Amino acid sequence: MKDNNIISLKNIAVDYDGERVLNGINLDIRDKEFVTFLGPSGCGKTTTLRIIGGFVDASEGDVFFEGERINDLPPHKRKVNTVFQKYALFPHLNVYENIEFGLKISGVEQAERQTRIREMLELVNLTGFESRNVNQLSGGQQQRVAIARALVNHPKVLLLDEPLGALDLKLRKEMQTELKRIQQSMEITFVYVTHDQEEALTMSDTVIVMKDGNILQTGTPQDIYNEPINAFVADFIGESNIIDGVMLRDYRVEFAGVQFDCVDAGFGIDEDVEVVIRPEDIKVVDPEGAPIVGVVESVIFKGVHYEMTVGAHGFQWMIHSTLSEEEGTKIGMNILPNDIHIMRRTEEA
Amino acid sequence: MKTKATAFPYTIWMVIFIVVPLLLVAYFAFTAQVPVEGGLAGETRTVFTIDNISQVGKFAPVLTRSITLAAIATVICLIICYPIAYIISRGGGVYQRTLLMLVMLPMWMNFLLRTYAWMTLLEKNGLINRFFGLFGLGPFEMINTGGAVVLGMVYNYMPFMILPLYSIMTKIEVTTIEAARDLGADGLHVFLRVILPLSIPGVKTGITMVFVPAVSTFIISRMLGGGGYLLIGDLIDLQFLGNAYNPNLGAAISIVLMVLILLCMSIFNQFGDEEEMEGTLL
């Protein structure tokens, strides 16, 4: 196992009722990595997860686990465990019995079962809840039982299907930190599915952005955020201004009627491109001598920053700034070369 | 106790159609008509007595037979209906509705007619014996046996077993079963540790809904059991509409039967735990 890959998908395609939901997925997941599939609903991220779990059969392609082909291995024989979207706890069993389920089936001794369950309850902060009915637990508690129930079996890989979707914002933030801590202390691979870009960026070692059954981009959260491969990824990973521009030559781009220096090269002369600029990368400056001048159309207070919409050159620019300007004020905008991201035109709108 | 005003009509309904008849039955069971001494011929008066109740003891064999046959029918019903209900509950929309319709359809036909149909099938010269005759087999003695009575009960009460089982099984979510498989459970374990325990309330309701009408039936035994399988229901029927006209005894047998059924059910409900009976369909 020189390449250290625990899971590999080779050319996986899945058809549902004649419709292709996964379109030749190739990917490798390294051992002890926190990998997140990120994408809008219907992008195939959950299907990919279920391929790994064994609940969906691939129409084409192969699934490898530690180098072995496991296409025909049923879910109960796979060394992975899943935390389901709606937890799927056993309603007829209490917290302790829910966690015990997998251990009992694999024939673990009573004494060891007890120790392992106690460890798990401690890990997920549910000590003292052993005999509680699972239906009487809050969403966050049920969530943690589901995690304990999966982890107690010491799987090599834990699959998590939008596990925080049903929780409120504060709880979700807490659980994000909690999950990352659990993953690091147990030293196992987490494969996580979410449509929440912030969640993906916060927890992951590697983010895989998916759309329409295809993988668009794979990389570290920093890579994905700073160097999105196309306008869709840029827009999905946080808000962006996406403007049509023309690449005049290497390191020189024109958009909004102004020429800017940039750090991108390798495009054709005068090639039409899309320019992506993060709202926080637009500097508000004195209109006098500023490259772009616009009028503030609206200001919304967002807590940490103000979100301003500024009209300039027939485009509405979104700007995040800690200082607010009066609506109707004329402001200048400046963008540094490093903050200008050039994308090739994507076919779809 | 605070009751909602809207429950009021229902309370009246209950009193008129349940409490009053029950009290009447009890009244008949504990009274008898005796001739008035020195009175006109045929003039009677009502006296309190427990003779009716104590007479029921004479019919112990009939009671035992009723309970045994009903119990056998219930068990067979459960064994047949459990997989059927499971298959229906796991099916997709149209498939599920079609199967359910097929289960319900016979119930739209008259009960007597359906039982008559069985008579023509089971008779000595009936369809089944004629079929076996083609191969030089039989004729088999099928009608007028305990088996025929059980068959009639199983056939007639099957929907009452399938429906509560089905309704509880549709509540078992696919992800719950997937979770079990994910945790290492093969088909057998999924059934024993998840599906079976989760469907117990439906099993309980189904058993009650089959056993109670089966134990007090009288048409099925009369039509398919001939004279040889007198059940407690037939006995009661005889006291009201038959030659042995004696409403007081009939009421007494009813009361005893009711107590016995209540006993059976409460013993039965001790099995498993005191889970709420949420499988109730009606």
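The structure this text deals with has already been given above.
Residues numbered from 1 in each chain as written. Chains lettered and ligands numbered in written order. Predicted model: local features only at pLDDT ≥ 70, side-chain atom pairs only at ≥ 80, totals over all residues. Heavy atoms only, no water.

(A) Just the overall build of chain A, in detail. Of regular secondary structure, chain A possesses 8 helices and 20 strands. If you line up chain A on its principal axes, its C-alpha atoms span 75 × 45 × 40 Å. Counted over contacts in chain A with a minimum sequence separation of 6, partners at least 24 positions apart contribute 65%. Summed over all atoms, the accessible surface of chain A reaches about 16300 Å², with 45% contributed by carbon and sulfur. (Helix = DSSP H or I, 4+ residues; strand = E, 2+ residues; numbered from the N terminus. Contact = heavy atoms within 4.5 Å. Areas by Shrake-Rupley, 256 points an atom, 1.4 Å probe, with all protein chains shown as cover.)

(B) Molecular detail of the environment of P291 of chain A. Residue and element names in this part refer to chain A. Of note, P291 is situated in the loop between β15 (283-285) and β16 (292-301). Each C-alpha atom, one on P291 and one on I335, is 8.5 Å from the other, the two residues being 44 residues apart in sequence. Sequence-distant contacts of P291, defined by excluding residues within four places in its chain, comprise V258, F260, M333 and N334.

(C) Local environment of the packing of helix α2 (residues 95-105) of chain A against helix α4 (residues 139-151) of chain A. Residues and elements named next belong to chain A. The contact between α2 and α4 brings their axes to 7 Å, and the two run at 30°. Classified by the interaxial angle, the pair formed by α2 and α4 is roughly parallel. Crossing of α2 against α4: the hand is right-handed. Mapping the contact onto sequence places V95, N98 and I99 in α2 and V145, A148 and R149 in α4. For the contact of α2 with α4, the class distribution of residues is 4 nonpolar, 1 polar and 1 charged. (Axes fitted to C-alpha atoms, helices over the stretch in contact; angles between N-to-C directions. Parallel < 35°, antiparallel > 145°, perpendicular 65-115°, else oblique. Left-handed = near helix turned anticlockwise from the far one by under 90°. Nonpolar A, V, L, I, M, F, W, Y, C, P; charged D, E, K, R; others polar.)

(D) Representation of the environment of L9 of chain A within the structure. Residue and element names in this part refer to chain A. Here L9 lies in strand β1 (residues 5-16). Put simply, L9 and T48 are 39 residues apart on the chain and 9.1 Å apart in space, counted from C-alpha to C-alpha. Leaving out residues up to four positions away in the same chain, L9 has contacts with I25, N26, L27, T48, I51, I52, D62 and V63.

(E) Representation of the sheet that holds strand β18 (residues 315-321) of chain A within the structure. Residue and element names in this part refer to chain A. Read across the open sheet, the 5 strands follow the order β15-β19-β16-β17-β18; overall the sheet is antiparallel. Edge positions in the sheet fall to β15 and β18, since each of these pairs with one other strand and no more. Across the sheet, the mean angle separating the axes of adjacent strands is 45° when strand polarity is ignored. (Pairing = 2+ DSSP bridges.)

(F) Main features of unusual backbone geometry. Residues and elements named next belong to chain A. Look at K32: it is not a glycine, yet its phi comes out positive at around 65°. Relative to the elements of secondary structure, K32 occurs in the loop between β2 (19-30) and β3 (34-38). Judged by its relative accessible area of 45%, K32 falls in the partly exposed class. With phi around 55°, A256 is a residue other than glycine that occupies positive phi space. (Buried < 20%, exposed > 50% of the residue type's maximum accessible area, 1.4 Å probe, protein only.)

(G) Structural context of helix α5 (residues 111-122) of chain B. All names here are of chain B. For α5, with 12 residues, the first-to-last C-alpha span of 17 Å sits near the 16 Å given by 1.5 Å per residue. Listing the buried residues of α5 in full gives R114, T115, W118, M119 and L122. Along the axis of α5, the buried positions cluster into a sector of 155°, meaning they face one direction only. Packed against the buried residues of α5 are α6 (127-134), α7 (146-169) and α10 (219-224). (Expected span 1.5 Å × (residues − 1). Arc of directions from axis to C-beta.)

(H) Seen up close, the sheet that holds strand β10 (residues 214-219) of chain A. All names here are of chain A. Spatially, 6 strands are ordered β6-β7-β8-β3-β9-β10 in an open sheet, and the strand pairing comes out mixed. Either end of the sheet is taken by a strand with one partner, and the two such strands are β6 (80-83) and β10. For this sheet the average axis-to-axis angle between neighbouring strands, irrespective of direction, equals 20°. Examined bridge by bridge, β6 and strand β7 (residues 157-161) share 4 bridges and lie parallel to one another. Looking across to β7, one finds that N81 is bridged to L158. Packed on one face of the sheet, helix α5 (residues 169-186) meets β3, β7 and β8 (189-194) and runs near 155° to β8.

(I) Fine view of empty space enclosed by the protein. Residue and element names in this part refer to chain A. The tally for this structure, following the rule as stated, stands at 1 cavity of 30 Å³ or more. The computed volume of the largest cavity comes to approximately 50 Å³. Surrounding the largest cavity, L49, R50, G53, F55, T82, F84, L159 and D161 form its lining. Broken down by secondary-structure element, the contributors of at least two residues to the lining of the largest cavity are α1 (45-53) and β7. If you tally residues by element for the lining of the largest cavity, the top one is α1, at 3 residues. For the lining of the largest cavity, the per-class residue count stands at 4 nonpolar, 2 polar and 2 charged. (1 Å grid on protein atoms, 1.4 Å probe; cavity = no way out; pocket = protein on both sides within 12 Å on 5 of 7 lines; lining within 4 Å. Points joined across faces, edges and corners; volume = space filled by probe spheres on them.)

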